[in-house]
Amino acid sequence: MSLVLVLLLAACLNGVWAVDRGNFKTCDQSAFCRRQRSLTPGQSPYRALLDTMELTSAGLRMELINDELHGMAGNSQLQKQSHRLLLEVFCLHGNMTRVKINELKPLKPRYEVPDVLVREPPTHPMSLISKDDNGVLLSLGDLQRVLVSVRPFRLDIMEGREVLMSLNSRGLLSFEHLRVRAKEEDRAVSASRDEEAVRSTEEKSEPGKWEETFQSHSDSKPNGPSSVSLDFSLPGVEHVYGIPEHADNLKLRTTDSGDPYRLYNLDVFEYELYNPMALYGAVPVMLSHNTQRTMGIFWLNAAETWVDINSNTAGNTAVGKMLDYLQGSSKTAQTDVRWISESGIIDVFIMLGPAPHDVFSQYASLTGTQAFPPMAALAYHQCRWNYNDQEDVRSVDAGFDEHDIPYDFIWLDIEHTDGKRYFTWDPNTFPTPREMLQGIMDKRRKMVTIVDPHIKVDSNFRIHNEIRSLGFYIKNKNGEDYEGHCWPGNSGYPDFTNPEMRAWWASMFAYDQYKGSMDNLYIWNDMNEPSVFSGPEVTMHKDAMHGSWEHRDVHNLYGFYVQMATAEGLIQRSGGVERPFVLTRAFYAGSQRYGAVWTGDNTADWEHLKISIPMCLSLNLVGISHCGADVGGFSKTPSSELLVRWYQTGAYQPLFRAHAHHDTPRREPWLFGPENTALIREAVRQRYALLPHWYQLFYHAHRTGQPVMRPLWVEYPQDSATFIMDDQFLLGRDLLVHPVTEEGARGVSVYLPGQGEIWFDVQTFQKHNGAQNLYIPVTMSSIPVFQRGGSIIPRKNRVRRSSSCMEDDPYTLHVALSAQGTAQGELYIDDGHTFNFDKKHEFIHRSLSFTNNTLSSSNIAPDAQYSTKSWIERILILGARKPSNVTLITADGREERQLEVDYDPSMSVLTIHKPGMNAGSEWTVVLD
């Protein structure tokens, strides 16, 4: 294909038009989804074989058989065993259950996802409670039990008399056994003549089992049909969340009247909103929530997956009939969820909560926690496709100083390379990259360059030659290097599932390999779904080969592995000292361990601004806290009002990056007139003032797995008014944010949760009671943010050109008193960029407490050692009474002095000026 044709194709796929839905499959166009979805809920053909049960210290093993297939099989024992499945049930530490179903004796191994779990989860032994011809009842610990019913097979997880979750209650377990195609010469090994006749009829009536065509692309399916499916019933549940990435509301919708939600990493430009089509990432984790309990389902399968969601009353289902008997109710709300994957096995983790924070901890124990980013990565990022040359970079950098707007990172897109050859620089436009990097380093700023996983096929390109000579490219079905078209034209795709390939890739980020790079250069992995302009659905052919595995088995893992290898490369180049920052577009469960994600190629319109909130909330619920959307919208041109509102929204989302398509007018923050420049400046400065709080939240996310950006129901799990809210959110538990996302808005309706709680407007300090809807008038300068009464939040109000320049600056403490006159908070400090906080315990972590009119600082981590030059320059106490005097007492008692204060009786705000103590010291401030 000529380069001109490639560019035209790229323009069609990534140009000025919105997504072409015809490029992407519906369920009806996906043979395995259509086949599985055609099954009618009812009595399952699968039966548990009690005489095969084994109960060991590790868990339960039992065989299942499909009586329909078993009846068609021949008389040999081999043929009968070929239709058997192996069920394994494990009781895991931390109130979790794992269920695995695989073929007992498959013709060849089926793919089981590696590397996503941080370790093999430890198990608890289960004890036998009872057993009869109808099933077996086992203890999962003190409270939970698992009931395995024989005919039809069903698995119920119970707590006392309550059924928490039921598997296969709708009879939709379906496991397509690997088989030899009927027309092959050795078919008799695995199939009788009766089976062959049945299969021949199936192939004629249900095309797509052995070959499938979409548009002009053919999928050879050498292993034939291999899909798996299982249904889950959730009695008492009306609200489910998660399974990103979709441009949809936070609460997932039922899919009865349309397609299921699809999980299949795809390059979708200008994606549509409020539909279940697949986007760039796939995290197969769903959370359920009601006023009594939060639970999670983690479906560990990396193949294309569809998720159906149905709602009904429990009395209409099999598990409902059980509930009728046990609980005497036939009106219990229920949600039924069905997972369908094209290949692999059924491997599912059931996280039983019971609280939202328990589910987050349980999931983190499986896949790890959010990588702790450098402080600078939480500040503002300026990006565009593309900055033209080194002079353009210098000019933009200077523009931020001229207009007094801080920023930490400037980004370079694909045009900075030499002909889209990654790890290179264009010799004409970026001839001296180290000089450029040194220039921004002198201002204590940093740069990100893009390194995509498609490699230009060019015999003069060192990277390509080495990957080819080492045999590290993915192969096509004929065993040759797989090639497709992407930005460089003809491209090869490294096999990142190969650990040797990942190690080689990581080595390419060494300073002597990536010429021109320095330690203030970080990396962006784009197009890693992988994007293949010439492939089916703009991605790779499923019959491409990763060693012995087909691409269909590993597809959703590709971006995960790319980011993994890149992050490891940045760690290695510093000798393991510096924390990396890597942004990825494609992701999977566990991607949080390696960096940040963003929501892809959005559009400059109000609806895309609104959808950024539930999209990031969904990601936070499944462990990926470091997320954001392109501020201003990637494509098209935002109005000045939209751009300002997007900056105000982005300033309170975890990743704060402006980015724009090269076809759009320039959007640097000072190009929209002085008034709008001032508004954007103020939004960015608010972000920088709150960096200590952001950093602390990410430290906790890294340590505990708790999300940074939270739906309100996470902190108010019994308040049903919060269950569908996704236009406002919490940062941690103490800041509530309701961005203005309506054009021409003059006010917003904010819900302040918490009966008996108090919330303070962070700008005006006005006090509001919780458990109420409040209309807040807004102007263009308004960002409605409220601090919870009972909290203490540290800020740095001396905003400088970058976060690094603020390292030793003093803190201001915002103490918001509860109705009881108390408050709690923390202050976390480390060097902001190395692993020394972990490896050497070099950090400060202090508890801040206000009680009995006394504010004190005490050490949470006495075994940690670190010193800071930062001091406390101001304390604001919101909701305070006027004291007669305020006294500072140091821990050693050597200093006791009166402090200067101001009191505003109209807002009940006490300001303590320049108390002067070191931020890492022990001290007490007493209000008399």
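Residues numbered from 1 in each chain as written. Predicted model: local features only at pLDDT ≥ 70, side-chain atom pairs only at ≥ 80, totals over all residues. Heavy atoms only, no water.

1. Observations regarding the overall build of the protein
Phase 1: Of regular secondary structure, the protein possesses 19 helices and 53 strands.
Phase 2: Within the protein, the proportion of its 928 residues that are buried is 64%.
Phase 3: Taking as baseline every contact in the protein between residues at least 6 positions apart, the subset at least 24 positions apart corresponds to 72%.
Phase 4: As displayed, the protein has an accessible area near 32700 Å², and 48% of this comes from carbon and sulfur atoms.
Phase 5: Distance between charge centroids for the protein: 1 Å, based on 89 positive and 115 negative side chains. (Helix = DSSP H or I, 4+ residues; strand = E, 2+ residues; numbered from the N terminus. Buried < 20%, exposed > 50% of the residue type's maximum accessible area, 1.4 Å probe, protein only. Contact = heavy atoms within 4.5 Å. Areas by Shrake-Rupley, 256 points an atom, 1.4 Å probe, with all protein chains shown as cover. Lys, Arg positive; Asp, Glu negative; His and termini not counted. Charge placed at Lys NZ, Arg CZ, Asp CG, Glu CD.)

2. Comments concerning helix 11 (residues 499–507)
Phase 1: Residues Met501, Arg502, Trp504, Trp505 and Ala506 constitute the buried set of helix 11.
Phase 2: At its buried positions, helix 11 is contacted by strand 25 (455–456), helix 10 (462–470) and helix 13 (558–573).
Phase 3: The backbone nitrogen of glutamate 500 lies 2.9 Å from a side-chain oxygen of the residue at the head of helix 11, namely asparagine 498. (Polar contact = N/O pair within 3.5 Å; in protein donor to acceptor, adjacent residues only side chain to side chain.)

3. Concerning the side chain of aspartate 392
Phase 1: On the secondary structure map, aspartate 392 appears in helix 8 (residues 390–402).
Phase 2: Setting aside residues up to four positions removed in sequence, aspartate 392 forms contacts with Tyr387 and Arg666.

4. Some thoughts on the side chain of threonine 424
Phase 1: As for its placement among the helices and strands, threonine 424 is situated in the loop between strand 23 (409–412) and helix 9 (433–441).
Phase 2: Of the polar contacts made by the side chain of threonine 424, one reaches the backbone nitrogen of aspartate 418; its length is 3.0 Å.
Phase 3: Ignoring sequence-local partners within four residues, the contact set of threonine 424 consists of His416, Thr417, Asp418, Phe461 and Tyr514.

5. Section: the pairing of strand 28 (residues 521–525)
Phase 1: Burial analysis of strand 28 places five of its five residues in the buried class, which makes it a mostly covered element.
Phase 2: By the bridge criterion, four bridges tie strand 24 (residues 446–450) to strand 28 in an arrangement that is parallel. Pairing of threonine 449 across the sheet is with isoleucine 523, part of strand 28.
Phase 3: Note that strand 28 and strand 31 (residues 582–584) share three bridges and pair parallel. Its bridge partner lying in strand 31, asparagine 525 is registered against threonine 584. (Pairing = 2+ DSSP bridges.)

6. Some remarks on the sheet that holds strand 50 (residues 896–898)
Phase 1: Reading across from one edge, 50-49-53-47-46-45-43-44-48-52-51 is the order of the eleven strands in this open sheet, with mixed pairing throughout. Strand pairing shows two members of the sheet lacking a second neighbour, strand 50 and strand 51 (900–904), which therefore form its edges. Averaged over neighbouring strand pairs, the angle between their axes works out to 20 degrees when direction is ignored.
Phase 2: Both strand 44 (residues 811–816) and strand 48 (residues 872–878) contribute to a ladder of six bridges, which runs parallel. (Axes fitted to C-alpha atoms, helices over the stretch in contact; angles between N-to-C directions.)

7. A closer look at the state of the cysteines
Disulfide: a covalent bond connecting the sulfur atoms of a pair of cysteines.
Phase 1: Throughout the structure, instances matching the rule amount to one disulfide.
Phase 2: Note on cysteine connectivity: cysteine 27 is disulfide-linked to cysteine 33, with sulfurs 2.0 Å apart. Handedness of the cysteine 27-cysteine 33 disulfide follows from its S-S torsion of about -100 degrees: it is left-handed.
Phase 3: Cysteine 33 sits in the buried class, given a relative accessible area of 0%. (Disulfide = S-S within 2.5 Å.)

8. Side note on the sheet that holds strand 35 (residues 709–710)
Phase 1: Taken in spatial order, the six strands line up as 35-36-37-42-39-40 in an open sheet, and their pairing is antiparallel. Of all the strands in the sheet, the pair left with one neighbour each is strand 35 and strand 40 (767–769).
Phase 2: Sheet topology note: the strand 35/strand 36 (residues 729–731) ladder contains two bridges and is antiparallel. Bridged to methionine 709 within strand 36 is leucine 731.

9. As for the confidence of the model for the protein
Interpretation of this model should avoid reading the predicted coordinates in detail wherever pLDDT is low.
Phase 1: In this model, the protein carries a mean pLDDT of 93, and residues with pLDDT of at least 70 account for 92%.
Phase 2: In the model, residues 1–17 has pLDDT below 50 throughout and makes 28 contacts with residues more than four positions away in sequence or in other chains.
Phase 3: Segment residues 185–192: pLDDT under 50, and 15 contacts once partners within four positions in sequence are set aside and those in other chains are kept. (pLDDT = per-residue confidence, 0-100.)

10. Some remarks on the nonpolar core
Phase 1: Formed by 174 residues in total, the largest nonpolar core has its most connected members in Phe298, Trp505 and Tyr647.
Phase 2: If near-sequence neighbours (up to four positions away) are discounted, tyrosine 647 is found in contact with Tyr380, Gln382, Val631, Phe656, Ala658, Arg667, Pro669, Ile680, Ala683 and Val684.
Phase 3: By size, the runner-up hydrophobic cluster in this structure holds 51 residues, among which are Ile101, Leu138, Leu155 and Leu230. (Core = buried A, V, L, I, M, F, W, Y, C linked by side-chain atoms within 4.5 Å.)

11. Comments concerning the layout of surface pockets
Using a probe with the size of a water molecule, rolled over the atoms, empty space left in the structure can be pinpointed.
Phase 1: By volume, the second largest pocket amounts to about 650 Å³.
Phase 2: If you trace the second largest pocket, you find 32 residues lining it, with Ser804, Glu807, Asp831, Gly832 and His833 closest to the centre.
Phase 3: Those elements that place two or more of their residues in the lining of the second largest pocket are helix 17 (691–704) and strand 45 (823–829).
Phase 4: For the lining of the second largest pocket, the leading source of residues is helix 17, giving three residues.
Phase 5: Taken together, the residues of the lining of the second largest pocket sort by class into 14 nonpolar, seven polar and eleven charged. (1 Å grid on protein atoms, 1.4 Å probe; cavity = no way out; pocket = protein on both sides within 12 Å on 5 of 7 lines; lining within 4 Å. Points joined across faces, edges and corners; volume = space filled by probe spheres on them. Nonpolar A, V, L, I, M, F, W, Y, C, P; charged D, E, K, R; others polar.)

12. Observations regarding the environment of arginine 444
Phase 1: By secondary structure assignment, the location of arginine 444 is in the loop between helix 9 and strand 24.
Phase 2: Spatially, the C-alpha atoms of arginine 444 and alanine 282 are 36 Å apart, while their sequence positions differ by 162 residues.
Phase 3: With sequence-adjacent residues up to four places away left out, arginine 444 is seen in contact with Ser802, Ser804, Cys805 and Glu807.
Phase 4: At 3.3 Å, the side chain of arginine 444 and the side chain of glutamate 807 are in polar contact.

13. Section: unusual backbone geometry
Phase 1: Following arginine 151, the chain continues to proline 152 via a peptide bond in cis, the omega torsion being -5 degrees.
Phase 2: The residue proline 152 is located in the loop between strand 8 (144–149) and strand 9 (154–159) in this model.
Phase 3: A cis amide bond links proline 244 to the next residue, glutamate 245, at an omega of 25 degrees.
Phase 4: Within the secondary structure, glutamate 245 is located in the loop between strand 15 (239–242) and strand 16 (261–263).
Phase 5: Within the chain, aspartate 115 stands out as a residue other than glycine whose phi angle is a positive 70 degrees.
Phase 6: You can see aspartate 115 is positioned in the loop between strand 4 (96–103) and strand 5 (123–124).
Phase 7: We note that glutamine 215 has phi near 55 degrees; this positive angle belongs to a residue other than glycine.
Phase 8: Positionally, glutamine 215 belongs in the loop between strand 12 (212–214) and strand 13 (217–219).
Phase 9: Taking relative accessible area as the criterion, glutamine 215 reaches 47% and is therefore assigned partly exposed.

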